[in-house]
Amino acid sequence: MITLQVKTSVKQGLVNITTQVQRVIRESGVAQGVCTLYVPHTTAAITINESADPSVKEDVITGLKKLVPEDPSYRHLEGNSHAHIQSILVGNSVQVFVEDGQLKLGTWQGIFFCEFDGPRTRDLWVKVLSA
Amino acid sequence: MITLQVKTSVKQGLVNITTQVQRVIRESGVAQGVCTLYVPHTTAAITINESADPSVKEDVITGLKKLVPEDPSYRHLEGNSHAHIQSILVGNSVQVFVEDGQLKLGTWQGIFFCEFDGPRTRDLWVKVLSA
Amino acid sequence: MITLQVKTSVKQGLVNITTQVQRVIRESGVAQGVCTLYVPHTTAAITINESADPSVKEDVITGLKKLVPEDPSYRHLEGNSHAHIQSILVGNSVQVFVEDGQLKLGTWQGIFFCEFDGPRTRDLWVKVLSA
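Here the structure is a predicted model, which is why all the values come from computation and not from measurement.

Participant: What am I meant to see in the overall build of chain A here?
Facilitator: Looking only at helices and strands, chain A features 3 helices and 8 strands. Scaling as 2.2 N^0.38, a compact globule of 131 residues should have a C-alpha radius of gyration of about 14 Å, and chain A matches this with 15 Å. Dimensions along the principal axes, computed over C-alpha positions, put chain A at roughly 50 × 30 × 25 Å. Split into buried and exposed, the 131 residues of chain A put 63% on the buried side. In the structure as shown, chain A presents an accessible area of about 5200 Å², 48% of it carried by carbon and sulfur atoms. Each charge sign in chain A was given a centre, from 12 positive and 13 negative side chains, and these centres are 4 Å apart.

Here is the structure:
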């Protein structure tokens, strides 16, 4: 297992981590396989979506805030239950394919770390299984 | 890695792809393992849910439209940010189990390709890992 | 493949199953790998989130009920389309890492079975792949 660090700079935002993941996969030496990316936090998530237009990242945060707004009526005393729920909806792990020793994504795809209660320094766990 | 093609016929809808996945798994020759199904697009997703009553498929689309409606205030100029967000909520990959060389699903489950910005011809990537 | 049973006691609620999963992983004898947890139902899901404060579990249910309320206008005649949609949003499988023969979670994380149409006795399928 490899641990990557992701520094987030805002309360809620997406960070493109495709290049970091690409490097880990290349260095793993696996030619064909499946790579699992795992977020060991409870107010952060990971997703794969469009990386071409950076405004998609902003729209995703706008949409998730509308969907699960901050709400003082939640019982969890830290006041960040919306961030827990957003994390559950997006999910805390993704799988990507490894082909010929390289990360294989769709044409418009990038991998995004999703911060929902930052800014913080976060960990991302990576494991590559050989096919 | 195997690539399946899924032809979608509507703007937003679910397509049952269970039979196609079953065939790929059988032909992979893997007896026991885990199969990852990966959508290389950013306005489409994949999910596993009830296949017995086809009205569930329609209710899922109704629910997702209510949850994340089209909205001209999004910044992404293509006007399909709702489709990107719906895709992130549902997720772009699933895992299914392979037992005795066959796809193993729950009694009422089917595998559904989720089109959120169609109609289009879409790809689905499949990889089977042996246990 | 191992099958665990989860008894749920309410209509909608999260059940912490971390200890049961830990046991299966230990007994699998796998030292380093990836464990897939798969829910073979269509009105239940699985997620990983905070286990320290039990009020998070309640807030998650409160949030999901607000997001996808019961609604008689859905077409599926069983009247539980909201449970199907909630299950799709949360997802029916998760991956966790196995390190030194043990389940490896983040500090605050636990694994939760999500019942959206209970109470029932549910199955959870588990498979551990060696790295």
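Additional details are given in the paragraphs that follow.
Participant: What am I meant to see in the interface of chain C and chain A here?
Facilitator: By a frequent convention, interface size equals the accessible area lost on bringing the separate parts together. On the side of chain A, 29 residues touch chain C, which itself brings 34 residues to the contact. Taking both partners together, chain C and chain A bury about 2500 Å²; carbon and sulfur atoms supply 61% of that area. The interface formed by chain C and chain A holds 3 salt bridges in total. For Glu58(C), the salt bridge goes to Arg75(A), with nearest N and O atoms at 2.3 Å. Our enumeration of links across chain C and chain A arrives at 15 residue pairs in polar contact (both at pLDDT 80 or more). Going through the elements one at a time, β3 (33–38), β4 (44–50), α2 (55–67), α3 (81–90), β5 (93–99) and β8 (121–130) of chain C are the ones with two or more residues in the side of chain C that touches chain A. It is α2(C) that contributes the most residues to the side of chain C that touches chain A, 10 residues altogether.

Participant: Explain the relation of the copies chain C and chain A here, please?
Facilitator: The operation relating chain C to chain A is a screw motion whose rotation component is 120 degrees, with 0.0 Å of axial translation and a residual RMSD of 0.0 Å. Taken together, the rotation and translation relating the two chain copies correspond to the operation of a three-fold axis. Nearest to the rotation axis, the C-alpha of Leu89(C) is located 3.3 Å from it, this being the minimum over chain C. A share of only 12% of the interface residues of chain C reappears at the interface of chain A, consistent with the copies meeting through non-equivalent patches.

Participant: Which parts of the structure should I look at to understand the packing of aromatic side chains?
Facilitator: Between two aromatic rings, the relevant description is the distance of the centres plus the angle of the planes. Across all of its chains, the model carries 6 aromatic pairs over all chains by this definition. Considering the side-chain rings of Tyr38(A) and Phe97(C), the 5.5 Å spacing of their centres and the 40 degrees angle between planes classify their relative orientation as tilted. Remark: Phe97(C) occurs in strand β5 and Tyr38(A) occurs in strand β3 (residues 33–38); the pair is interchain, linking two chains. Grouping residues by exposure puts Tyr38(A) and Phe97(C) together as buried.

Participant: How should the confidence of the model for chain A be read in this particular structure?
Facilitator: As a note on interpretation, predicted positions should not be read in detail where pLDDT is low. Confidence along chain A averages 97 in pLDDT terms, with 100% of residues attaining 70 or more. For this predicted complex, the interface confidence score (ipTM) comes to 0.98, while the overall pTM stands at 0.98.

Participant: Before we go on, may I ask you to explain the interface of chain A and chain B in this structure?
Facilitator: Tallying the contact residues gives 34 residues for chain A and 29 residues for chain B. With both chains or domains summed, chain A and chain B bury close to 2500 Å², and 61% of this area falls on carbon and sulfur atoms. If you look at where chain A meets chain B, you find 3 salt bridges. Taken together, chain A and chain B are joined by 16 residue pairs in polar contact (both at pLDDT 80 or more). Those elements that place two or more of their residues in the side of chain A that touches chain B are β3, β4 (44–50), α2 (55–67), α3 (81–90), β5 (93–99) and β8 (121–130) of chain A. No other element matches the 10 residues that α2(A) contributes to the side of chain A that touches chain B. Classifying every residue of the side of chain A that touches chain B by side-chain character gives 15 nonpolar, 12 polar and 7 charged.

Participant: Sorry if this is basic, but what is going on with the sheet that holds strand β1 (residues 2–7) of chain B here?
Facilitator: Paired through their backbone hydrogen bonds, the strands of a sheet run either parallel or antiparallel. Residue and element names in this part refer to chain B. In spatial order, the strands read β1-β8-β3-β5-β6; together these 5 strands make up an open sheet with antiparallel pairing. The sheet terminates laterally at β1 and β6 (102–104), the two strands that pair on one side only. Averaged over all pairs of adjacent strands, the angle between their axes in this sheet comes to 35 degrees, without regard to strand direction. Pairing between strand β5 (residues 93–99) and β6: 3 bridges, direction antiparallel. Counterpart to Val 98 in the pairing with β6 is Leu 103. With respect to the sheet, helix α1 (residues 18–28) is in contact with β1, β3 (33–38), β5, β6 and β8 (121–130), its orientation differing from that of β6 by roughly 130 degrees.

Participant: Got a minute to help me understand empty space enclosed by the protein in this structure?
Facilitator: Here the idea is plain: a probe the size of a water molecule rolls over the atoms and shows the empty space left. In this structure the tally under the stated criterion is 2 cavities of 30 Å³ or more. Counted as a void, the largest cavity has a volume near 490 Å³. Looking at the lining of the largest cavity residue by residue, the class counts come to 18 nonpolar, 19 polar and no charged. Of the volumes computed, that of the second largest cavity is approximately 90 Å³. Taken together, Val34(A), Thr36(A), Gln95(A), Leu129(A), Val34(B), Thr36(B), Gln95(B), Leu129(B), Val34(C), Thr36(C), Gln95(C) and Leu129(C) make up the full set of residues lining the second largest cavity. Grouping the amino acids of the lining of the second largest cavity by side-chain chemistry returns 6 nonpolar, 6 polar and no charged.

Participant: It is not clear to me how the side chain of Gln109(C) should be interpreted in this structure. Could you clarify?
Facilitator: Tracing the backbone through its elements, the reader meets Gln109(C) in strand β7 (residues 109–115). Within the structure, Gln109(C) has its side chain in polar contact with the backbone oxygen of Val39(A) (distance 2.9 Å). A distance of 2.9 Å separates a polar side-chain atom of Gln109(C) from the backbone nitrogen of Gly106(C). Ignoring any residue separated from it by four or fewer positions in sequence, one finds Gln109(C) in contact with Tyr38(A), Val39(A), Pro40(A), His41(A), Thr42(A), Asn92(A), Ile48(C), Asn49(C) and Ser51(C).

Calculation criteria
- Residues numbered from 1 in each chain as written.
- Chains lettered and ligands numbered in written order.
- Predicted model: local features only at pLDDT ≥ 70, side-chain atom pairs only at ≥ 80, totals over all residues.
- Heavy atoms only, no water.
- Helix = DSSP H or I, 4+ residues; strand = E, 2+ residues; numbered from the N terminus.
- Rg over C-alpha atoms; globule rule 2.2 N^0.38 Å.
- Buried < 20%, exposed > 50% of the residue type's maximum accessible area, 1.4 Å probe, protein only.
- Areas by Shrake-Rupley, 256 points an atom, 1.4 Å probe, with all protein chains shown as cover.
- Lys, Arg positive; Asp, Glu negative; His and termini not counted.
- Charge placed at Lys NZ, Arg CZ, Asp CG, Glu CD.
- Contact = heavy atoms within 4.5 Å.
- Buried area = accessible area lost by both parts, 1.4 Å probe.
- Salt bridge = Lys/Arg side-chain N within 4 Å of Asp/Glu carboxyl O.
- Polar contact = N/O pair within 3.5 Å; in protein donor to acceptor, adjacent residues only side chain to side chain.
- Least-squares fit on C-alpha atoms with pLDDT ≥ 70 in both.
- Phe/Tyr/Trp six-rings, centres within 6.5 Å; stacked < 30°, edge-to-face > 60°.
- pLDDT = per-residue confidence, 0-100.
- Nonpolar A, V, L, I, M, F, W, Y, C, P; charged D, E, K, R; others polar.
- Pairing = 2+ DSSP bridges.
- Axes fitted to C-alpha atoms, helices over the stretch in contact; angles between N-to-C directions.
- 1 Å grid on protein atoms, 1.4 Å probe; cavity = no way out; pocket = protein on both sides within 12 Å on 5 of 7 lines; lining within 4 Å.
- Points joined across faces, edges and corners; volume = space filled by probe spheres on them.

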